[in-house]
Amino acid sequence: SLFSPILEATCLLLGLFASLRLCSGKLMTPITDDVSKLSSLKQNVPSDYEIPVSSIPKDVAGTCWVVLNIYPLEQSLRNLAGMFGAVSSNREQISVFISMLKSLRFTFNHEELEAAMQLFQCHYRERGLMSGLYFDYIKDILHAASQGTSGLPCKPPPCLNQHPSPGDCSFEEGRGSSWSIRAPWILVLIPFTACAVILLWLVRK
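Calculation rules
- Residues numbered from 1 in each chain as written.
- Predicted model: local features only at pLDDT ≥ 70, side-chain atom pairs only at ≥ 80, totals over all residues.
- Heavy atoms only, no water.
- Salt bridge = Lys/Arg side-chain N within 4 Å of Asp/Glu carboxyl O.
- Helix = DSSP H or I, 4+ residues; strand = E, 2+ residues; numbered from the N terminus.
- Buried < 20%, exposed > 50% of the residue type's maximum accessible area, 1.4 Å probe, protein only.
- Axes fitted to C-alpha atoms, helices over the stretch in contact; angles between N-to-C directions.
- Parallel < 35°, antiparallel > 145°, perpendicular 65-115°, else oblique.
- Left-handed = near helix turned anticlockwise from the far one by under 90°.
- Contact = heavy atoms within 4.5 Å.
- Nonpolar A, V, L, I, M, F, W, Y, C, P; charged D, E, K, R; others polar.
- Disulfide = S-S within 2.5 Å.
- Core = buried A, V, L, I, M, F, W, Y, C linked by side-chain atoms within 4.5 Å.

> What is the right way to look at the pattern of salt bridges in this model?
Pairing is possible between side chains that carry opposite charge, provided their charged atoms lie close to one another. By the definition in use, this model includes three salt bridges. The residue Asp-136 makes a salt bridge to Lys-42 at a minimum N-O spacing of 2.6 Å. Taken as a pair, Asp-136 in helix 8 (residues 131-146) and Lys-42 in helix 3 (residues 37-44) lie far apart in primary sequence, 94 residues in all. Using a relative accessible area of 30% as the deciding quantity, one classes Asp-136 as partly exposed. You can call Lys-42 partly exposed: its relative accessible area is 34%. Its salt-bridge partner being Arg-105, residue Glu-74 comes within 2.8 Å of it at the nearest N-O pair.

Given below as structure tokens:
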């Protein structure tokens, strides 16, 4: 009919518009509306339940805080979902947030995101959050993402050297403490050796 081409063109334009919004680097309103489900999860998961997650603090990640924490949080949620049965309402609600984070992750270039995570690798810390703090953390991530305040590229701060090098002062302190332990024994051995030499000389004489 005459309206078929017009209808097809309209659908194509709507699809293109939706794709452009998806690639804008911000969460769309229909997705952020589901954040209210976090309150339900808070009530269903015991408050003393500790949930592990790998993350980088805001003061270290800077403007890349959201970007660098998307994938680790997504993996943490997958592990959490596995704790519930296949027909559990908790698992269903958790899967919504997994989809949110996955959609958000796809708005960034995969190679750039992977490279940024590699650069910041030494700054990731595994920690356990009580369920209430954990779901607040998810809310903070999604809220910051909806504001569009995060992007790439990122410059990491220097990694902290946790192992003292041979020229490090702590290494020298270790040598000094080792000497202080051995010193009393050496002071005892000196007069003992001197007495033994004198006795040996008197016997021979």
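> I'm lost on the packing of helix 3 against helix 6 (residues 89-105) in this one. Help?
Running from N to C, helix 3 and helix 6 point in directions that differ by 140°, and their axes come no closer than 10 Å. Classified by the interaxial angle, the pair formed by helix 3 and helix 6 is oblique. Judged by the twist between their axes, the crossing of helix 3 over helix 6 is left-handed. Two secondary-structure elements touch here, helix 3 through Lys-37, Leu-38, Ser-40, Leu-41 and Asn-44 and helix 6 through Asn-90, Gln-93, Ile-94, Val-96 and Phe-97. Broken down by class, the residue content of the contact of helix 3 with helix 6 amounts to five nonpolar, four polar and one charged.

> What should I look at first to understand the state of the cysteines in this one?
Put plainly, two cysteines are in a disulfide when a covalent bond ties their sulfur atoms together. A complete count under the given rule lists two disulfides for this structure. Here Cys-64 engages in a disulfide with Cys-154; their sulfurs sit 1.2 Å apart. The sign of the -90° torsion about the S-S bond sets the Cys-64-Cys-154 disulfide as left-handed. With Cys-64 in the loop between helix 4 (58-61) and helix 5 (65-81) and Cys-154 in the loop between helix 8 and helix 9 (169-204), the pair connects residues that are 90 residues apart, well separated along the chain. Of the two residues, Cys-64 and Cys-154, both sit in the buried class. Here Cys-122 connects covalently by a disulfide to Cys-159, the sulfurs 1.8 Å from one another.

> For this particular structure, what's the right way to read the nonpolar core?
What tends to happen in soluble globular proteins is that the nonpolar side chains get buried as a cluster. Counting residues in hydrophobic clusters, the biggest one holds 41 residues, and the most contacted among them are Leu-68, Leu-73, Leu-77, Tyr-134 and Ile-138. Counting residues per element, the ones that place at least two in this core are helix 3, strand 1 (50-55), helix 5, helix 6, helix 7 (110-119) and helix 8. Element by element, the count of residues in this core is highest for helix 5, at nine residues. When near neighbours in sequence (up to four residues on either side) are disregarded, Leu-68 contacts Ile-56, Ala-61, Ala-116, Met-117, Phe-120 and Tyr-124.

> Any chance you could explain the environment of Lys-139 here in plain terms?
Turning to its location among the elements, Lys-139 is positioned in helix 8. Distance in space between the C-alpha atoms of Lys-139 and Leu-38 is 7.7 Å, their sequence separation being 101 residues.

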